[in-house]
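# A look at the structure
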Amino acid sequence: MPITTETPSNADQLPALHQPIHKALQHHYQTLCDVHLRELFAAEPQRFEHFSLQVDDLLLDYSKNRITKETLQLLIQLAETADVAGWRERMFQGEKINNTEQRAVLHTALRNRSNTPVMVDGENVMPAVNAVIEQMSAFAERVRSGTWTGYTGKPIVDVVNVGIGGSDLGPHMVYQALKAYRHPRLQMHYVSNVDGAHIVEKLESLDPETTLFIVASKTFTTQETMTNAHHARHWFLQHAEDDTHIAKHFVAVSTNREAVIGFGIDPDNMFGFWDWVGGRYSLWSAIGLSIVLAVGADNFTALLGGAHTMDQHFREAPFERNMPVILALLGVWYSNFFGAESQAVLPYDHYLRSLPLYLQQADMESNGKSVDRNGCNVDYATGPIIWGTSGINGQHAFYQLIHQGTRLIPADFIISVTPPTGLHEQHDILMANFLAQTEALMRGRTLEETRDSGVAPPHAPKVFAGNHPSNALLLKALTPHSLGLLIALYEHKIFVQGIIWNLNSYDQWGVELGKQLAKCIQPELNAAETITTHDASTNGLINYYRQQRAQQEQTQG
Ligand SMILES: O=P(O)(O)OC[C@H]1O[C@H](O)[C@H](O)[C@@H](O)[C@@H]1O
């Protein structure tokens, strides 16, 4: 019986992993867990055709997974049991599926290029969505063309996005990814950390006359962002002196108009969005302003278009041909049946080097939960640990553990067919390694093969068990459109997994406690008296810090 705090009376409300389909999958797992991928490939020469799928410019080969057709059928039954299709419609139609905050989840409306009405509380949100896209495009055009100037009449050269979490990771990742599309004069910078080193280092090289700050915060209350924004404002006014110049150098992206005005930013320079856009799903909203500035409105629209294509595919394709559903089910298969604890994301693309970081927030903040949407503790694994780095570099760092360690680590390998640089020799080396890794992980090398390969003894440490699953994702090229496809693919994968695990993927209460405690501790760091209000460890550390700092100040002063 599940370990729950409250047991729903209606069996239909039980999580899918507590329904009979779970037993069927467990039984199936027993028949498959000792079967090697080599055997599966030998038994089914058409495995690539059977287990690969193309959506627009994106190919997914999932044949190197420890599955058969029966596995997929059973996993699809699991998705059906969880009513993934019903929840999917609820999301697209603007129902308040974020139940703890009573909010709709509509990042899909932000890229709804078909412009069909999307209703929230009886109102079509599309006119407002389109109006903000227009506003961003018009503003970006002025900055890009040089008609928007700084307080001394010079065009803007540097743009600093001050934001953290979802107000940083998405735009930053996309800015890196779309390097080939950037405006030649404009350079974006991203400051997130409240560690003073981040903003100080950044400002060192900037000219206040030609720098624009975007203060990006959904709530406009995030301490890190507000502290950095105030620091930037102070730095700017030290040079510009007159605070009427702020209007030309500070714009805001937020849902909180009052706080933006309170900061001193002209509300005309505010780009809004809505509570139904989760922070980690917000790069498609005005939070993407730095993207529009960097690559222009047309490329931003192409990014939205790619995501919209994936949205339509996700909404319409049958589960057995539905890329986000399949990716999600494979993840569930490894997490809940093979006991895998993590998922590696390995982009073989320098420009996608921040994708793992971005997906860490998207996935782990969404599904890193142990209480389900009914308020019950779950007794099964939920969101995996997401980790990774760009391919090749990772090979020379941690792949050893994936190949020969004791853990099962499913991995997503991502690459583009066309290299962004035009350096074909390098790209072939990259591609060869990409393929070699997935093949080596799958096949491994037996003792006999190791001996036959001419490798010097001892042979046992040089044996590879193989049977390590991976997905290969191939983009035709890294374009705004294909990037949109890729990001939306992962967003929907996270959605499907959240439904199967019976989670609300759209709140993040786990982030709050630490924030509250920090607010309480901060004044204590400067208190005159010894701190005794916490546990012995926290008290000891606070008091050590206070004493050391006082001593250092005495020595210096
Ligand atoms: O955009 P903001 O309101 O400043 O929030 C920035 C970030 O704050 C917290 O860390 C939340 O957990 C994130 O989801 C959010 O993206």
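Just so we're clear, the structure is a prediction, and the values are computed from it rather than from any experiment. (Residues numbered from 1 in each chain as written. Predicted model: local features only at pLDDT ≥ 70, side-chain atom pairs only at ≥ 80, totals over all residues. Heavy atoms only, no water.)

### Remarks on the overall build of the chain
To be explicit about the condition: For the purposes of this entry, the term helix denotes a DSSP run of H or I that reaches at least four residues, the term strand denotes a run of E that reaches at least two, and both are numbered from the N terminus. For a compact globule the rule gives 2.2 Å times the number of residues to the power 0.38, and the radius of gyration it is set against comes from C-alpha atoms. Only protein chains enter the calculation, and the probe is 1.4 Å; a residue is then buried if its accessible area is under 20% of its type maximum, exposed if over 50%, and partly exposed in between. The Shrake-Rupley method, run with a 1.4 Å probe sphere, supplies the accessible areas, and residue values consider only the shown protein chains as cover. When charges are counted, Lys and Arg contribute as positive and Asp and Glu as negative, whereas His and the chain ends are disregarded. Charge placement uses NZ in Lys and CZ in Arg. For Asp and Glu, CG and CD serve respectively.
For the chain, the count of helices and strands is 22 helices and 13 strands. Taken over C-alpha atoms, the radius of gyration comes to 26 Å for the chain, in line with the 24 Å a tight globule of 557 residues would show. Expressed as lengths along the three principal axes of its C-alpha atoms, the size of the chain is roughly 75 × 60 × 60 Å. Looking at the chain as a whole, 53% of its 557 residues qualify as buried. Accessible surface for the chain amounts to roughly 24,200 Å². Of this, 52% is attributable to carbon and sulfur atoms. One finds the centroid of the 40 positive side-chain charges in the chain at a distance of 3 Å from the centroid of its 58 negative side-chain charges.

### Side note on the pattern of salt bridges
For clarity, the threshold we go by: Definition used for salt bridges: Asp or Glu carboxyl oxygen within 4 Å of a side-chain nitrogen of Lys or Arg.
Within the structure shown, the criterion is met by 17 salt bridges. The partner of Glu89 in a salt bridge is Arg315, and the shortest N-O contact between them spans 2.8 Å. Taken together, the residues span a long stretch of sequence, with Glu89 in helix α5 (residues 84-92) and Arg315 in helix α14 (residues 297-316) at a distance of 226 residues. Arg315 sits in the partly exposed class, given a relative accessible area of 31%. Taken together, the salt bridges that share partners define one network made up of Arg38, Arg443 and Glu449.

### Examining the site of the ligand
We count it as follows: For each residue, the test is whether any non-hydrogen atom lies within 4 Å of the molecule or strand; if one does, the residue is near. Polar contacts, as used here, are pairs of N or O atoms within 3.5 Å; protein pairs need one atom able to donate a hydrogen and one able to accept it. Residues neighboring in sequence count only if both atoms are side-chain atoms. Points on a 1 Å grid, built from protein atoms alone, make a cavity when a 1.4 Å probe fits but cannot get out and make a pocket when they are open with protein on both sides within 12 Å along at least 5 of 7 lines; residues with an atom within 4 Å of a point are the lining residues. Cavities and pockets are treated as containing a molecule whenever more than half of the molecule's atoms lie within 2 Å of their grid points. Only Asp, Glu, Lys and Arg are considered charged, only Ala, Val, Leu, Ile, Met, Phe, Trp, Tyr, Cys and Pro nonpolar, and every remaining residue, Gly among them, polar.
The environment of the ligand is formed by 14 residues, the closest being Ser167, Ser217, Thr219, Thr222 and Glu365. Backbone polar atom of Lys218 to an oxygen atom of the ligand: 2.7 Å apart, as the coordinates give it. For the ligand, whose accessible area on its own is 390 Å², the fraction buried by protein is 88%. Applying the majority rule of atoms within 2 Å of the grid points places the ligand in the largest pocket. Here the shell around the ligand is composed, by residue class, of two nonpolar, eight polar and four charged.

### Quick notes on the layout of surface pockets
Operational definition: Grid points are joined across faces, edges and corners, and a volume is the space filled by probe spheres set on the points.
There is about 1,000 Å³ of room inside the largest pocket. Forming the boundary of the largest pocket are 39 residues, of which Thr219, Thr222, Gln508, Glu512 and Lys515 lie nearest the centre. Elements supplying a minimum of two residues to the lining of the largest pocket: α10 (223-240), α16 (355-367) and α21 (512-524). A total of five residues in the lining of the largest pocket trace back to one element, the largest contributor, which is α21. For the lining of the largest pocket, the residue count by class is 12 nonpolar, 17 polar and 10 charged.

### Re the sheet that holds strand β7 (residues 211-216)
Threshold: Note on pairing: DSSP must find at least two bridges between two strands before they are called paired. The convention used is that axes are lines fitted to C-alpha atoms, helices contributing only their stretch in contact, and that angles between N-to-C directions extend from 0 to 180 degrees. Working rule for contacts: check all heavy atoms of both residues, and any pair within 4.5 Å makes them a contact.
Overall, parallel pairing links the five strands, which are arranged β6-β5-β7-β8-β9 in an open sheet. Every interior strand has two partners, whereas the edge strands, β6 (187-191) and β9 (270-272), have only one. Looking at each pair of strands side by side, their axes are set apart by 20 degrees on average, direction ignored. For strand β5 (residues 158-162) and β7, the ladder comprises five bridges, and the chain directions are parallel. Bridging across to β7, Val159 finds its partner in Leu212. Relative to β9, helix α7 (residues 126-145) is tilted by about 150 degrees, and along the sheet it contacts β7, β8 (250-254) and β9. Contacts from helix α9 (residues 196-204) reach β6 and β7, with the element oriented near 160 degrees to β6.

### Focus: the sheet that holds strand β12 (residues 411-418)
Ordered in space as β1-β2-β13-β12-β10-β11, the six strands form an open sheet in which the pairing is mixed. Looking at which strands have only one partner, the edges of the open sheet turn out to be β1 (52-55) and β11 (385-387). Ignoring which end each strand starts from, the neighbouring axes of this sheet average 15 degrees apart. Bridge count between strand β2 (residues 58-61) and strand β13 (residues 470-477): four bridges; the pairing is antiparallel. The residue of β13 that forms the bridge with Leu58 is Leu475. Each of β10 (342-347), β11 and β12 touches α16; the most contacted strand, β11, lies at about 165 degrees to it. Strand contacts of helix α18 (residues 424-443): β12 and β13, with the helix running at about 150 degrees to β12, the strand carrying the most contacts.

### Focus: the pairing of β12
Residues in a regular strand point their side chains to alternate faces of the sheet. Within β12, six of the eight residues are buried, which leaves it mostly tucked inside the rest of the structure. Of the pairings in the sheet, the one linking β10 to β12 comprises four bridges and is parallel in character. Its bridge partner lying in β12, Leu346 is registered against Phe413.

### Topic: the environment of Leu59
Among the secondary structure elements, Leu59 is positioned in strand β2. Counting along the chain gives 45 residues from Leu59 to Leu14, while the straight-line C-alpha distance between them is 35 Å. In this view, Leu59 contacts Phe48, Leu53, Gln54, Met323, Ala472, Leu473 and Leu474; residues no more than four positions away in its chain are not counted.

### Structural notes on the confidence of the model for the chain
Note the following rule: How sure the predictor is of each residue is captured by pLDDT, a score from 0 to 100.
Model confidence for the chain is summarised by a mean pLDDT of 96, while 98% of its residues fall at 70 or above. Counting interchain partners and residues more than four positions distant, the pLDDT-below-50 stretch residues 1-11 has 18 contacts. Listed scores for the predicted complex are pTM 0.96 and ipTM 0.98.

### Here's the deal with the packing of aromatic side chains
Operational definition: Ring pairs shown here join Phe, Tyr and Trp side chains whose ring centres sit within 6.5 Å, with only the six-membered ring taken for Trp; geometry is labelled stacked below 30 degrees between planes, edge-to-face above 60, and tilted in between. Put simply, a charge is over a ring when the Lys NZ or the Arg CZ is close to the ring centre, within 6 Å, and near the line of the ring normal, within 35 degrees.
Tallying each qualifying case throughout the model produces 25 aromatic pairs. Plain terms: the ring middles of Tyr399 and Phe413 are 6.3 Å apart, the flat faces sit at 85 degrees to each other, and that makes the pair edge-to-face. Separated by 14 residues along the polypeptide, Tyr399 in helix α17 (residues 399-404) and Phe413 in strand β12 bring together distant segments of the chain. We classify Tyr399 as buried; its relative accessible area is 2%. A relative accessible area of 0% means that Phe413 is categorised as buried. Connected via pairs of aromatic rings, a cluster forms that spans Tyr151, Phe213, Phe220, Trp235, Phe236, Phe250 and Phe263. Its guanidinium or amino end placed over the ring of Phe314, Arg88 lies 5.6 Å from that ring's centre, counting from NZ or CZ. The ring of Trp284 is capped by Arg111, whose NZ or CZ atom sits 4.5 Å from the centre of that ring.

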